[in-house]
Amino acid sequence: MDEIEERALKLIRRSSDGILQNQLWKELEIDSRRCTRIIRRLLDAAMVERESVVVDGIRTYRIRFTGGTRKFELLIAGNLFDPCVGCIDECKPHRCAQLNKWIRGLGAEL
Ligand code: SF4
């Protein structure tokens, strides 16, 4: 994430109800096309969501911060991905070494 994207994200996060896209590019002192590209990257990273709105007769977008966490990140403990995803072994969770190792990655003790 470059400096201008970080500034954009800070502005978006600051407002609980989001910020209008045409307000955002003015505050960042960049043109609307560059702002659109930044928003696209933040959308792709699931850090923001966008809603089409009309304000004072002008169509724009309201950009809201979404928390910045991709759902799959919840499946990562330490550097290990949840071993149950795609597992085809006979499941005995209380004896599963892979699951125990993953849980230890969460910082929990068994
Ligand atoms: S607990 Fe172990 S055996 Fe069961 S699904 Fe997860 S990884 Fe597979």
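Remember, predicted model here, so these are calculated numbers, not experimental data.

Asks: Sorry, what's going on with the site of the ligand here?
Replies: By nearness alone, every residue bordering the ligand is listed as P83, C84, C87, E90, C91, P93, C96, Q98 and L99. Here the residues of the shell around the ligand are counted per class, giving seven nonpolar, one polar and one charged.

Asks: What is the right way to read the packing of helix α1 (residues 3-14) against helix α2 (residues 21-28) from this model?
Replies: When two helices pack together, their arrangement is given by the angle between the helix axes and by the axis-to-axis distance. Two elements in contact, α1 and α2, have axes whose closest approach is 10 Å; the angle formed by their N-to-C orientations is 130 degrees. Taken together, α1 and α2 sit at an angle that is classed as oblique. Where α1 crosses over α2, the two elements pack in a sense that is right-handed. Contacts between α1 and α2 involve I4, R7, A8, L11, I12 and R14 on the former and, on the latter, L24, E27 and L28. Tallied by class, residues from the contact of α1 with α2 come to six nonpolar, no polar and three charged.

Asks: I tried to follow a nonpolar patch on the surface on my own but got confused; where do I start?
Replies: Taken together, the side chains of I76, F81 and V85 present a nonpolar region at the surface, about 250 Å² in accessible area. Along the chain, F81 falls in strand β5 (residues 80-81).

Rules used throughout
Position numbers for residues start from 1 in each chain and track the written sequence from start to end. Residues qualify for local features only when their pLDDT is at least 70, as the model is predicted, and side-chain atom pairs are given and counted only at 80 or more; totals for whole chains, interfaces and linings, by contrast, use all residues. As a convention, hydrogens and water are excluded, and side-chain values are obtained from all of the structure's heavy atoms. Any residue with a heavy atom lying within 4 Å of a molecule or strand is counted as near it. Gly is put with the polar residues, along with every residue not named as nonpolar or charged; the nonpolar set is Ala, Val, Leu, Ile, Met, Phe, Trp, Tyr, Cys and Pro, and the charged set is Asp, Glu, Lys and Arg. The convention used is that axes are lines fitted to C-alpha atoms, helices contributing only their stretch in contact, and that angles between N-to-C directions extend from 0 to 180 degrees. Helix and strand definitions here come from DSSP, where helices need a minimum of 4 consecutive H or I residues and strands a minimum of 2 consecutive E residues; each element is numbered from the N-terminal end. These descriptions rest on fixed angle ranges, namely under 35 degrees for roughly parallel, over 145 for roughly antiparallel, 65 to 115 for roughly perpendicular, and the rest for oblique. Put simply, a crossing is left-handed when the front helix is turned counterclockwise from the back one by less than a right angle, and right-handed when it is turned clockwise. Should any heavy atoms of two residues lie within 4.5 Å, those residues are counted as being in contact. Patch criteria: residues need more than 30% relative accessible area and no salt bridge. Like-charged residues are merged within 9 Å; nonpolar side chains of Val, Leu, Ile, Met, Phe, Trp and Tyr are merged within 5 Å. Values of accessible area rely on a 1.4 Å probe in the Shrake-Rupley scheme; residue burial ignores everything except the protein chains shown. Any Lys or Arg side-chain nitrogen located within 4 Å of an Asp or Glu carboxyl oxygen qualifies as a salt bridge.

All quantities given are derived from atomic positions and should not be read as evidence of function.
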